[in-house]
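# Overview (structure and organization)
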Amino acid sequence: MEYSVKIYSRIGELMQGFLPDASTFLVSGLPSRIFFSEAVLDPRGVPNVVPKGKTCQGALPPKARKALALFLQEFAPVITPGLSIRLTSNIPAGKGLSSSSADILSVLHVVNDYLQTHARPEDMYRIAAAIEPTDPCLSEDIVLFRQRLGVVDRYLSLPPMSVLYFDTDPSREIETMYVRRQFSNGVGTFFGWLLKRFLGATEAGDYVRLFDCVSYSAEYNQREIAIPRFGEWLGLAKETESGLMVAHSGTIAGLLTRPERAADLRSRLEAAVETPVYFEEYRHS
């Protein structure tokens, strides 16, 4: 019997920054049902991933190999000499769709299922974060997340919404590990205020304030990773009472809107961009 785990990506982030204590945080992007990584483990297959001390050799991407080595050291120090794992993904790299996180977490999850180590989601997040800042892809919940620690601070309930997103710069890829943001007291104060406002908006189901906060975070991120035509997308968001979201370590941008307004907004975006416009919906379960 083969073991299979499919992990879906996150669509950028709704917010990302520093808090006044200089710690980093993000509010996870909406979950995708289009982009995913899938790991398949075949107990009878020819081993193609072999643990070697603090790393693994074999067919997996480097980050997934390193994460798997950490996982095995902690949860299965005595295992078979090798594992047969196939990893496939349709997530474009360097775009801010959590491609590395989905790869790592799908591999850890499928090995956890096979070896029955009983590692918890928080264990897998922690290991993933030891490789690079990670995304909370193991569930479809919207969460306040410490991406450098792999810790879920809080689960959030958002009102129903649609997201229309696209690649603003198809020729560019962003490597998350090389993105360095600078903390200052002013930055911490700004994001502390913005997060408090965002959390209040989620509790009230206030679309206007919620979308406004998301756009603020996207606008601030222009200082770190500028995307083409940002002013145009921000203007469209304001005109249509939408929220402009971005991948804070990528080239994806999108508009969040009330579900009943999505069709008209989709037509406008498709007329304005040359790359595909993806449409997805969110409803809190």
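The structure contained in this document is the topic of the report that follows. (Residues numbered from 1 in each chain as written. Predicted model: local features only at pLDDT ≥ 70, side-chain atom pairs only at ≥ 80, totals over all residues. Heavy atoms only, no water.)

Below, the discussion takes up the overall build of the chain. Counting its secondary structure elements, the chain contains 7 helices and 11 strands. Relative to its length of 285 residues, the chain is compact, with a C-alpha radius of gyration of 19 Å against a globular reference of 19 Å. The buried share of the chain, reckoned over its 285 residues, is 53%. Carbon and sulfur atoms make up 51% of the accessible area of the chain, which totals about 12800 Å². Of the charged side chains in the chain, 30 are positive and 33 negative, and the gap between their average positions amounts to 4 Å. (Helix = DSSP H or I, 4+ residues; strand = E, 2+ residues; numbered from the N terminus. Rg over C-alpha atoms; globule rule 2.2 N^0.38 Å. Buried < 20%, exposed > 50% of the residue type's maximum accessible area, 1.4 Å probe, protein only. Areas by Shrake-Rupley, 256 points an atom, 1.4 Å probe, with all protein chains shown as cover. Lys, Arg positive; Asp, Glu negative; His and termini not counted. Charge placed at Lys NZ, Arg CZ, Asp CG, Glu CD.)

So, about unusual backbone geometry. Phi angles above zero are rare outside glycine, and Gln 116 is one such case at about 55°. Within the secondary structure, Gln 116 sits in the loop between helix H2 (99-115) and helix H3 (121-131). One non-glycine residue with positive phi stands out, namely Glu 241, at about 55°. Position of Glu 241 among the secondary structure elements: in the loop between helix H6 (230-239) and strand E9 (243-246). We classify Glu 241 as partly exposed; its relative accessible area is 45%.

This paragraph deals with the packing of helix H4 (residues 185-204) against helix H5 (residues 207-221). Axis separation between H4 and H5 bottoms out at 8 Å; the angle between their running directions is 155°. Between H4 and H5, the crossing angle belongs to the class labelled roughly antiparallel. With respect to the hand of their crossing, H4 and H5 are arranged in left-handed fashion. When H4 is examined against H5, the residues Val 187, Phe 190, Phe 191, Trp 193, Leu 194, Arg 197, Phe 198, Gly 200, Ala 201, Thr 202 and Ala 204 are found in contact with a partner set consisting of Arg 209, Leu 210, Asp 212, Cys 213, Val 214, Tyr 216, Ser 217 and Tyr 220. (Axes fitted to C-alpha atoms, helices over the stretch in contact; angles between N-to-C directions. Parallel < 35°, antiparallel > 145°, perpendicular 65-115°, else oblique. Left-handed = near helix turned anticlockwise from the far one by under 90°. Contact = heavy atoms within 4.5 Å.)

Mapped onto the fold, Asp 42 is located in the loop between strand E2 (24-41) and strand E3 (49-52). In this structure Asp 42 is buried but unpaired, with Arg 86 as the nearest side chain of opposite charge at 4.9 Å. Of the polar contacts made by the side chain of Asp 42, one reaches the backbone nitrogen of Arg 44; its length is 3.0 Å. Contacts of Asp 42, omitting those with residues within four sequence positions, involve Glu 2 and Ser 84. (Salt bridge = Lys/Arg side-chain N within 4 Å of Asp/Glu carboxyl O. Polar contact = N/O pair within 3.5 Å; in protein donor to acceptor, adjacent residues only side chain to side chain.)

Given a rise of 1.5 Å per residue, 15 residues ought to cover 21 Å, and the 21 Å separating the end C-alpha atoms of H5 matches this to within 8%. Those residues of H5 not exposed but buried are Tyr 207, Leu 210, Phe 211, Cys 213, Val 214, Ser 215, Ser 217, Ala 218, Tyr 220 and Asn 221. Looking at the buried side of H5, the elements it contacts are strand E1 (3-18), strand E8 (161-167), H4, H6, E9 and strand E10 (252-257). The distance from a side-chain oxygen at the start of H5 to the backbone nitrogen of Val 208 is 3.0 Å, and the residue carrying that oxygen is Asp 206. (Expected span 1.5 Å × (residues − 1).)

Now for the pattern of salt bridges. Within this structure, the stated rule accounts for 17 salt bridges. Its salt-bridge partner being Arg 33, residue Glu 140 comes within 2.6 Å of it at the nearest N-O pair. One end of the pair, Glu 140, is in the loop between H3 and strand E6 (142-146); the other, Arg 33, is in strand E2, and 107 residues separate them in sequence. In this structure Glu 140 comes out as partly exposed when scored by relative accessible area, which is 42%. The residue Glu 175 makes a salt bridge to Lys 63 at a minimum N-O spacing of 2.9 Å. Of this pair, Glu 175 sits in the loop between E8 and H4 while Lys 63 sits in helix H1 (residues 62-75); the two residues are 112 residues apart in sequence, bridging distant segments of the chain. A relative accessible area of 30% means that Glu 175 is categorised as partly exposed. Overall, Lys 63 belongs to the buried group, its relative accessible area being 17%. Each of Glu 74, Arg 120, Glu 122, Asp 123 and Arg 126 takes part in one network of salt bridges that share partners.

In short, geometric facts, not functional conclusions.
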